[in-house]
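Below are the chains, spelled out letter by letter.
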Amino acid sequence: MSEPDRVPRRSVRPLVRAGCWLVIAGAVAWLGFGHFWRHDPADTGRLDGWLAFAALCGQAFRFHLGFAIAAALVVALVVRARRAAVLLVLLLIPTLGARAAMYGPWRGPAADADAPGITVFSANLLYGRGDFGVVMDQIRAADPDVILFQEYTPASAGYEAALRAAYPHALVWPREDAFGQAVFSRLPFAREPELWHGPVGSVIPLIACEVLADGWRVAVWNVHTLPPVGSRNTIEQRRMVAWIAARATRALGGADPPDGLVIAGDFNAPFGTNHLRELVEAGLGEAHAAVGTDAGSTWPRLWWKRHFPGIRLDHVVFGGGLAPVWSGVGDDFGSDHRPVSARFVFE
């Protein structure tokens, strides 16, 4: 290569450094917007929905953003952009670092596993298309007291036939769409289960029951919110979450409250994000966040997407006099979600 054709090595460094700073600015904007934007469920405009969706993505996909930050850090070190490298390292803390903290040794059971309690299993059946045998094997392994199914369709009838003998207390509400539900319990109902339909104008059902466990009354609610796909769905999901939180507050603070409350199912958003903040504000916790020993991701589990790091959309939320002992995530069974389970004891 002749001398006039040689490209000076330093000529590209300013552009590369500028690219690193662009990554820093974009990451700060992404994380900051997700953290600080708080949608009011009463705001139902189209723009409100898109902003709420953007804020959810800013929190739900922090871990994935961390890979872009790590790549930019490598580039910054190569071109000796020291200041940019320092900031990129700091940005790894709320992204990759937050995910790593989920595997910390400080997480794990804090309650007596042998004390009286209740075990709950929840699975989204993907319109009843999930592998029946695999689901039944996981139910037997978890040995739950209460089973909650979402996306329970007429094609799911085999579960009722298989479970009725061991779980005689049930409310089954099949639908052809994604919002059929079923609850099976081997514990007797303290009162007749009910089918609720969310806030005013909503047609999304929620099965609410109350079971007797060792003399304790535990309310168990089966939840499947709309996925935040588009502005309208995001608004309806936010309204549903706020409505559930308000009902939980009334239930636990009423004249005759249950001894404990479990709200489990497909929330279509990670717990701890502003998207589900009303649940936290109502004093509710999430089992895996409390005692899980890994990230507990449950979605996505189909096609090529299952090879990418997932997020946790399915939760076992609790309140009242319950303390979590363990929380688990099941194996793939042909649904786009993994099942979840958790055990609680009475405090």
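Higher on the page you've got the structure.
Residues numbered from 1 in each chain as written. Predicted model: local features only at pLDDT ≥ 70, side-chain atom pairs only at ≥ 80, totals over all residues. Heavy atoms only, no water.

### Describing the pattern of salt bridges
Right, so step 1: Following the criterion strictly, the structure yields 17 salt bridges and no others.
Right, so step 2: Note that Glu 160 and Arg 164 form a salt bridge whose closest N and O atoms lie 3.1 Å from each other.
Right, so step 3: Under the relative-accessibility criterion, Arg 164 is labelled partly exposed at 33%.
Right, so step 4: Residues Asp 256 and Arg 191 are paired through a salt bridge, measuring 3.9 Å at the closest nitrogen-oxygen approach. (Salt bridge = Lys/Arg side-chain N within 4 Å of Asp/Glu carboxyl O. Buried < 20%, exposed > 50% of the residue type's maximum accessible area, 1.4 Å probe, protein only.)

### What to know about the nonpolar core
Right, so step 1: Judged by nonpolar contacts, the single largest core of 28 residues is most densely connected at Leu 206, Trp 221, Ile 244, Ile 263 and Leu 279.
Right, so step 2: Here this core takes 6 residues from helix H7 (residues 231-253), the largest share from any one element.
Right, so step 3: Among all residues touching Ile 244, those that are not within four sequence positions of it are Leu 206, Trp 221, Val 223, Ile 263 and Leu 279.
Right, so step 4: Judged by nonpolar contacts, the second largest core, of 23 residues, contains Cys 209, Ala 264, Ala 287 and Phe 318. (Core = buried A, V, L, I, M, F, W, Y, C linked by side-chain atoms within 4.5 Å. Helix = DSSP H or I, 4+ residues; strand = E, 2+ residues; numbered from the N terminus. Contact = heavy atoms within 4.5 Å.)

### Things to note about empty space enclosed by the protein
Right, so step 1: Inspection of every chain in the model, using the stated rule, returns 1 cavity of 30 Å³ or more.
Right, so step 2: In this structure, the largest cavity is lined by Trp 37, His 39, Ala 52, Ala 55, Leu 56, Gln 59, Arg 238, Asn 274, His 275 and Arg 277.
Right, so step 3: Broken down by element, the residue count for the lining of the largest cavity peaks at 4 residues, all from helix H2 (residues 46-60).
Right, so step 4: Split into classes, the residues belonging to the lining of the largest cavity amount to 4 nonpolar, 4 polar and 2 charged. (1 Å grid on protein atoms, 1.4 Å probe; cavity = no way out; pocket = protein on both sides within 12 Å on 5 of 7 lines; lining within 4 Å. Points joined across faces, edges and corners; volume = space filled by probe spheres on them. Nonpolar A, V, L, I, M, F, W, Y, C, P; charged D, E, K, R; others polar.)

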